[in-house]
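Examining the three-dimensional arrangement
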Amino acid sequence: MPLAPRIQHPAYQAKLMSAEAAAALIPAGANVGMSGFTGSGHAKAVPQALARRMEALHAAGEDFQIGLWTGASTAPELDGALAKAHGVSMRLPYQSDPTVRKQINAGQMQYTDIHLSHVAQLAWFGFLGPLKVAVVEVAGILPDGRLIPSSSVGNNKTWLDLADHIILEVNHLQHPGLEGMHDIYYGTRIPPHRQPIPLVTPGDRIGDCYLHCDPAKVIAVVETSEHDRNSPFTPPDATSERIAGHIIDFLQQEVNAGRLPADLLPLQSGVGNIANAVLMGLNKGPFENLSAYTEVLQDGMLEMIKSGKLTMASATALSFSPAALEEFNANIDFYRERIVLRPQEMSNHPEVIRRLGLIAMNAMIEADIYGNVNSTHLMGSSIMNGIGGSGDFARNAYLSFFMTPSTAKDGAISCIVPMVSHTDHTEHDVEIIVTEQGLADLRGKSPTQRAQLVIDNCAHPDFRPALRDYFDRALQTAPGRHTPHILSEALSWHDRFVKTGRMLQSDV
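Being a predicted model, the structure only gives us computed values, none of them experimental.

**Comments concerning the sheet that holds strand β16 (residues 366-368)**
Spatially, three strands are ordered β17-β16-β23 in an open sheet, and the strand pairing comes out mixed. The two strands at the open ends of the sheet, each matched to only one other strand, are β17 (373-374) and β23 (416-417).

Written as structure tokens, this is what we have:
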């Protein structure tokens, strides 16, 4: 029996055109909101056609760039293609593409790194400027014009609401069984008209299964058959497994102490191999009937749902390896009952995060001895990816973990330093720091107490003596003893690495 067509609304069928024709409708200098969150649900054909148009115009001596807004990171078909065409003047709110990163750090592209929960409201407030065009991937269009969201929601609702013009990409490779998995909340307002978000458990549904848009704003519909960025995850190594073990042991201690229920609290897990290792450890651990309220659902959580350890997961995007995607698609009816996909202003909403009391687990680049965390910059001035949702969760969670291996660059860099070279999360938002060396519980501790815990528990043994020496001398010589620093040395480790390729003086 043939499948129903993906575009069932006559008015939208009449607007079918090629990606090249649709890209020709995007004007130079426009702010363009495109779908995409962590390599899933991103627009695919139109950005590539737009990049080819830009390259042709640039070759003819014409300038053509756009402001590019998305949900979070996308993929080579979007960020990569437009960056290689030198077609992006401003990028927000998050990126992970190497070409984009290179251009940002070379000063060739402006970049605004934004808390992911803030993007939609900043757009509604008008702080980001006008949104000229939205390019949004969907899984299908119903006869009444409702849009079936695809594998991510991100900021799509906001882009469709605010954009002057809309281009829809209908992707035939998005599983039709995604229909019904989404919960699109249309109750947000701007001050002074806001109301409480009526969401009290991760599985609550407070909105609609579909996206809506004004048909009069739709200027093009493009059919595609392209995959998401389904990258395989590296199997957990010994370092990741040790980090995961420290966290699981700590959670068990919190249960034993009566500070956590036996089924914990809803989990939030950042993106990456360490996060997946923690989830795999939890899947083998003693906790049952778990839930998740997070922004990205990766392989580790899918395995936990499959095993029954995780009974419900709320997110804004799916980000699977090829093997996990195959499992998901083969059993999508099972997963549809246990997964809810929401706009990122809901998945990352501070009000909801605090109400649910999440256990937040996010990666970092480095932490200093007092518990300040850098999650975005290398050596103080070069952006890596961005803050993403980590700030949304860290400040508002019941427990906030930040995780990293204790060293980087084959031991040349210590990820525990005297002072972070860039601060994304202050000591006031960081409760627990974890490396493969151990775990530092910083709750209720003064700065000097924090320093001793971080050095003793989290620093690599190769760097521990130098950190202790710095801290001891700072205690004796700093003008203030509350958070003692030797200002002439606080960033010397980073400066030495930039000059010599190693942080420790003895290695020069």
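On we go.
**Brief notes about unusual backbone geometry**
When glycine is set aside, most residues are seen to have a negative phi, and most peptide bonds are trans. Cis geometry marks the peptide bond from Leu 92 to Pro 93, where omega comes out at 0 degrees. Secondary-structure assignment places Pro 93 in the loop between β3 (88-92) and α5 (98-105). In this chain, Pro 191 is followed by Pro 192 through a cis amide linkage whose omega measures 10 degrees. By the secondary structure assignment, Pro 192 is in the loop between β7 (165-171) and β8 (218-224). If you check the backbone angles, Asn 289 has positive phi at about 55 degrees while not being a glycine.

**Here's the deal with the pairing of β3**
For strand β2 (residues 66-69) and β3, the ladder comprises four bridges, and the chain directions are parallel. Within β3, the residue paired with Ile 66 across the bridge is Val 88. Between the parallel pair β2 and β3, the chain is carried across by helix α4 (residues 76-84), and the sense of this crossover is right-handed. Relative to strand β4 (residues 110-111), β3 runs parallel, the two sharing two bridges. Pairing of Arg 91 across the sheet is with Tyr 111, part of β4.

**Topic: the side chain of Asn 155**
Among the structural elements, Asn 155 can be located in the loop between β6 (147-149) and α7 (156-162). The exposure class of Asn 155 is buried, given its relative accessible area of 2%. Looking at Asn 155, its side chain comes within polar contact range of the main-chain oxygen of Thr 70, at 3.1 Å. The residues touching Asn 155, leaving out its near neighbours within four places in the chain, are Thr 70, Gly 71, Val 119, Ala 120 and Gln 344.

**Observations concerning helix α9 (residues 273-284)**
The first and last C-alpha atoms of α9 sit 17 Å apart over 12 residues, in line with the 16 Å expected at 1.5 Å per residue. Burial analysis of α9 places nine of its 12 residues in the buried class, which makes it a mostly covered element. Within α9, burial applies to Ile 274, Ala 275, Asn 276, Ala 277, Val 278, Leu 279, Gly 281, Leu 282 and Asn 283.

**So, the environment of Ile 274**
With respect to the helices and strands, the residue Ile 274 is situated in helix α9. Each C-alpha atom, one on Ile 274 and one on Asn 362, is 9.0 Å from the other, the two residues being 88 residues apart in sequence. What Ile 274 contacts, discounting residues up to four positions off in sequence, is Ser 240, Ile 243, Met 403, Thr 404 and Pro 405.

**Observations regarding the packing of aromatic side chains**
For any pair of aromatic rings, the description consists of the separation of the ring centres together with the inter-plane angle of the planes. Tallied over the full model, the rule gives eight aromatic pairs. Relative to Trp 159, the ring of Trp 69 lies with its centre 5.6 Å away and its plane at 55 degrees, an arrangement referred to as tilted. Here the residue Trp 69 occupies a position in strand β2, and Trp 159 occupies one in helix α7, the gap between them amounting to 90 residues. Ring plane angle 35 degrees and centroid distance 6.0 Å describe the contact between Phe 463 and Trp 493, whose orientation is recorded as tilted. Of this pair, Phe 463 sits in the loop between α16 (447-458) and α17 (464-477) while Trp 493 sits in helix α18 (residues 492-500); the two residues are 30 residues apart in sequence, bridging distant segments of the chain. Accessibility classification places Phe 463 together with Trp 493 in one group, the buried group. Members of the aromatic cluster, each reached through a chain of ring pairs, are Phe 320, Phe 328, Phe 334 and Tyr 335. Sitting over the ring of Tyr 210, Arg 146 keeps its end group 4.4 Å from the ring centre.

What counts and how
Per chain, the residues get numbers from 1 upward, laid out in the order the sequence is written. The model is predicted, so local features are restricted to residues of pLDDT at least 70 and side-chain atom pairs to those at 80 or more, both for listing and for counting; the totals for chains, interfaces and linings are taken over all residues. Here the side-chain values reflect all heavy atoms present in the structure, with hydrogen atoms and water set aside. Criterion used throughout: strands pair if DSSP finds at least two bridges between them. Segments assigned H or I by DSSP are reported as helices when at least four residues long, segments assigned E as strands when at least two residues long, and all are numbered from the N terminus. Assignment of crossover handedness uses the view with strands pointing away from the viewer, where a clockwise path from the first strand over the helix to the second indicates a right-handed crossover. Think of it in three bands: with a 1.4 Å probe and only protein chains considered, a residue is buried below 20% of the maximum accessible area for its type, exposed above 50%, and partly exposed in between. We define a polar contact as two N or O atoms separated by no more than 3.5 Å, with the added condition that, inside protein, one atom must be a possible hydrogen donor and the other a possible acceptor, whereas residues neighbouring each other in sequence contribute only through side-chain atom pairs. Only heavy atoms matter for contacts: two residues are in contact if any of them lie within 4.5 Å across the pair. Multiplying one less than the number of residues by 1.5 Å gives the expected span of a helix. Each pair of aromatic rings taken from Phe, Tyr and Trp, with Trp reduced to its six-membered ring, is defined by centres within 6.5 Å and is described as stacked if the planes are under 30 degrees apart, edge-to-face if over 60, and tilted in the remaining cases. Our definition puts a charge over a ring when NZ of Lys or CZ of Arg is within 6 Å of the ring centre and also within 35 degrees of the ring normal.

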